[in-house]
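Architecture at a glance
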Amino acid sequence: MLKRTGQIGLILFALILVMSMLVFTGCGSKGVKLKGADIKVSSWWSTWNVDTFEPRNEGEEKDLEWRRKILSENDFKFEVVELSDYDNYLPLVASNIMAGNKTYGIYEVAANMAVTLYKQGLLYPVSDSTAVNFKTREPIAEVTPMYNGVIEQLMTFNGKQYGWQYGLPNNGWQQAMIFFNTKHLTDVGLSPDYLYDLQKNNNWTWDTFLDVCRKLTRDTNNDGITDIYALPCDDAREVLIGLVYGNGANFVSFDASGKAVNATNTPAFLEALAFYNTLINEGLILTTPSYDWGWNWTAFYDQRVAMTFDPEWRKGQAQDQFDGGYVLPPRGPRSSQLRMDSSDPVYVVPAIFSPSEVDVILKASELWFTPTDTDWLQGHYWASRNLRDVTETVAMSRDARYLTPRNFALIPGYPFDDFINDFRNGLGNTNPSQVVESWTPRFQASLDDFNR
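Once a new chain begins, its residue numbering starts again from 1 and follows that chain's sequence as written. Where local features are concerned, this predicted model is filtered to residues with pLDDT of at least 70; where side-chain atom pairs are given and counted, the filter is 80 or more; whole-chain, interface and lining totals use all residues. For the side-chain quantities, the full set of heavy atoms in the structure was used; hydrogens and water were omitted.

Our next topic: the overall build of the chain. The helix and strand labels rest on DSSP assignments: H or I over at least four residues marks a helix, E over at least two residues marks a strand, and numbering proceeds from the N terminus. Broken down by element type, the chain carries 16 helices and 15 strands. Put simply, the radius of gyration uses C-alpha atoms, and a globule should come to 2.2 Å times the residue count raised to 0.38. Computed over its C-alpha atoms, the radius of gyration of the chain comes to 25 Å, within 12% of the 22 Å expected for a compact globule of 452 residues. Its C-alpha atoms give the chain principal-axis dimensions of roughly 105 × 50 × 45 Å. Only protein chains enter the calculation, and the probe is 1.4 Å; a residue is then buried if its accessible area is under 20% of its type maximum, exposed if over 50%, and partly exposed in between. Going through the 452 residues of the chain one by one, you find that 53% of them count as buried.

Pasting the structure below:
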């Protein structure tokens, strides 16, 4: 009896020991000590510090309260710092890492920057750490964030993950949308909900879009000169991104072996360029002789144009500048449903940190980005005048059924801007097939470099 009791005791002790190990190592995060850590995230576009942040709504007040709480309870520091502007950002990031500068534990970078840093051997394979679970796809308020599966796939090379992002796809607000001014719709007899309804019923096609553009382009004083155009030609990047992806096309695709392939010579891609020319040649686009970044939004704000293709982040300015909303780009004839590009910035950790330091960095970041509310839509209401912007347009823009990855963003040196400006500068007179053919050597050179 004593022998049997002793065996049971040993078994119970072993179970207790195993459970203790699970408590301290479960999901690889419980044993990470954050006390005294000072984590800085480098960005090119944002800052976030609990001492200076001013919340704009109840949701941001809750985020601030949560972040103050986790910093206090775990006795560590965490902040986001704007290192430089975008154009100077990558050289600074690379030089910091190569110099062994540990000021920044995390760099927020564009996807192509991440690939460049990876190929230079400057990034830590974060999947080697067990401090966090990058497979988490369901957020739990004040417990854990979800990790973006699209970014996990994009940033996995040779079986190891080198970058990550939190939340649903497109949380970086980088993708192209169409902003519209309600006044222009009502002036031509259209309902303020007209574009939303077309989008909701999957009738937001190139044909209906063209019809709307024709209605919105007007000579308001009958002097024979167009006073209000449907669209501006700048920023042509966003217009062509919207049309290309809306037609089910892409600039770059990947074959079964993972190699990048030029996709600009497909019929769907060429149709998108041709449709852009149609908009110009019908006089529906306000053109300028030279490209000037941001001019398109100025023309929209000044009501010289009724709509504009712009990145989603413009909505952060929109609520104070116009009475209207935004919808996804229209779908072309090659697509049976609305399609838009998917693009997010990427978080990476420099290779100069030790495994234990990386564990601390990842765990601290996970705590910082843990949501206080799993109703992720609430973070968009402040930047919208119409509920349908959020419950319909934003909801669709995070739904994988409507998304196509912006693959060219992965390719360092991909001549996207130069190509778009060259095509745009033709102001409707550039032959799509000819211009693509002339640019194919440069496209292929960047892809060959990526594929090495």
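A word on the sheet that holds strand S12 (residues 324-327). The pairing of strands in a sheet comes from backbone hydrogen bonds and takes either a parallel or an antiparallel form. Ordered in space as S11-S6-S12, the three strands form an open sheet in which the pairing is antiparallel. Pairing within the sheet leaves two strands with one partner each, and these edge strands are strand S11 (307-311) and S12. Ignoring strand direction, the axes of neighbouring strands in this sheet form an average angle of 30 degrees. In this description, strands pair whenever DSSP reports at least two bridges between them. Examined bridge by bridge, strand S6 (residues 176-181) and S11 share five bridges and lie antiparallel to one another. Considered in S11, the bridge of Ile 178 is made with Phe 309. When checking whether two residues touch, look at their non-hydrogen atoms; a contact exists if any pair is within 4.5 Å. Helix axes are fitted to C-alpha atoms over the stretch in contact, other axes to C-alpha atoms as well, and angles between N-to-C directions run from 0 to 180 degrees. This element, helix H9 (residues 236-246), spans S6 and S11 of the sheet and lies at about 90 degrees to S11. This element, helix H14 (residues 387-397), spans S6 and S12 of the sheet and lies at about 25 degrees to S12.

A few words on the packing of aromatic side chains. Planes of paired rings set the category: under 30 degrees apart is stacked, over 60 is edge-to-face and the rest tilted, where pairs are Phe, Tyr or Trp rings (Trp by its six-membered ring) whose centres lie within 6.5 Å. This model, assessed by the stated rule, comprises 39 aromatic pairs. With a centroid separation of 5.8 Å and an interplanar angle of 40 degrees, the aromatic rings of Trp 164 and Tyr 347 are classed as tilted. Of this pair, Trp 164 sits in the loop between strand S5 (160-161) and S6 while Tyr 347 sits in strand S14 (residues 346-348), and the two are 183 residues apart along the sequence. Of the residues examined, Tyr 347 reaches a relative accessible area of 8% and is grouped as buried. Each ring, one from Tyr 245 and one from Phe 251, has its centre 6.2 Å from the other, and the planes form 45 degrees; the classification is tilted. An aromatic cluster is built from Tyr 245, Phe 251, Phe 269, Phe 408, Tyr 414, Phe 416, Phe 419, Trp 439 and Phe 443, whose rings are joined through pairwise contacts. Positioned over the ring face of Trp 382 is Arg 56, at 3.9 Å from the centre of the ring. Criterion for a charge above a ring: Arg CZ or Lys NZ at most 6 Å from the ring centre, at most 35 degrees from the ring normal.

Let us now look at the sheet that holds S14. Read across the sheet, four strands follow the order S2-S1-S3-S14 without closing on themselves; strand pairing throughout is mixed. A single partner strand is all that each edge strand has here, and the edge strands are strand S2 (77-82) and S14. Strand-to-strand, the axes of this sheet are offset by a mean angle of 20 degrees, without reference to chain direction. Bridge analysis of strand S1 (residues 38-43) against S2 gives six bridges, and the strand direction is parallel.

This part covers the nonpolar core. Counting residues in hydrophobic clusters, the biggest one holds 100 residues, and the most contacted among them are Phe 209, Phe 251, Tyr 276, Met 307 and Phe 419. No other element matches the nine residues that helix H10 (residues 267-281) contributes to this core. The residues contacting Phe 209, other than those within four sequence positions of it, are Ile 178, Trp 204, Leu 231, Phe 275, Leu 279, Met 307, Phe 309 and Pro 330. Note on terminology: a nonpolar core comprises buried Ala, Val, Leu, Ile, Met, Phe, Trp, Tyr and Cys residues joined through side-chain atoms within 4.5 Å.

This paragraph deals with the side chain of Ser 342. Locating Ser 342 in the fold gives a position in strand S13 (residues 340-342). On the basis of relative accessibility, which here comes to 10%, the residue Ser 342 falls in the buried class. Ser 342 has contacts with Pro 169, Asn 170, Leu 403, Thr 404, Pro 405 and Arg 406, leaving out every residue within four places of it along the chain.

To continue, consider the confidence of the model for the chain. On a scale of 0 to 100, pLDDT captures the predictor's confidence in every residue. Per-residue pLDDT for the chain has a mean of 90; in total, 92% of the residues score no lower than 70. Across residues 1-29 the pLDDT falls below 50, and counting only partners more than four positions away or on other chains, this stretch makes 13 contacts in the model.

What follows concerns the environment of Glu 366. Relative to the helices and strands, Glu 366 resides in helix H13 (residues 355-368). Along the backbone, Glu 366 and Ser 95 are 271 residues apart, and their C-alpha atoms lie at a distance of 26 Å. Ignoring anything within four residues of it in the chain, the contact list for Glu 366 reads Val 132, Asn 133, Thr 144, Pro 145, Tyr 147 and Tyr 166.

Another aspect to go through is the environment of Val 188. Here Val 188 is to be found in the loop between helix H6 (182-187) and helix H7 (194-200). Leaving out residues up to four positions away in the same chain, Val 188 has contacts with Lys 215, Leu 216 and Arg 218.

Where helix H15 (residues 416-424) contacts helix H16 (residues 432-451), the two axes come as close as 11 Å, and the packing angle between them is 160 degrees. Relative to H16, the element H15 is oriented roughly antiparallel. The crossing of H15 and H16 is right-handed. Between H15, through Asp 418, Phe 419, Asp 422 and Phe 423, and H16, the contact on the second element is made entirely by Pro 432, Val 435, Val 436, Trp 439, Arg 442 and Phe 443. For classification purposes, angles smaller than 35 degrees are called roughly parallel, those larger than 145 roughly antiparallel, those between 65 and 115 roughly perpendicular, and all remaining angles oblique. Left-handed describes a crossing whose near helix is turned anticlockwise from the far helix through less than a right angle; right-handed describes the clockwise counterpart.

Both faces of S12 are covered, namely the face carrying Gly 324 and Tyr 326 and the face carrying Gly 325 and Val 327. Of the strand pairs in this sheet, S6 and S12 are connected by four bridges, and their pairing is antiparallel. Bridge pairing in S12 places Phe 179 opposite Tyr 326.

This part is about the pattern of salt bridges. Opposite charge on two side chains permits pairing when their charged atoms draw close. Should a side-chain nitrogen of Lys or Arg be within 4 Å of a carboxyl oxygen of Asp or Glu, the pair is scored as a salt bridge. Inspection of every chain in the model, using the stated rule, returns 24 salt bridges. Between Lys 160 and Asp 128 there is a salt bridge, and its shortest N-O distance comes to 3.3 Å. Residue Lys 160 is located in strand S5, and its partner Asp 128 is located in the loop between helix H4 (111-119) and helix H5 (149-154); the two are separated by 32 residues in the primary sequence. Asp 399 is the salt-bridge partner of Arg 401, the closest N and O atoms lying 2.6 Å from each other. Bridged by salt links that share partners, the residues Asp 193, Asp 197, Arg 388 and Glu 392 form one connected network.

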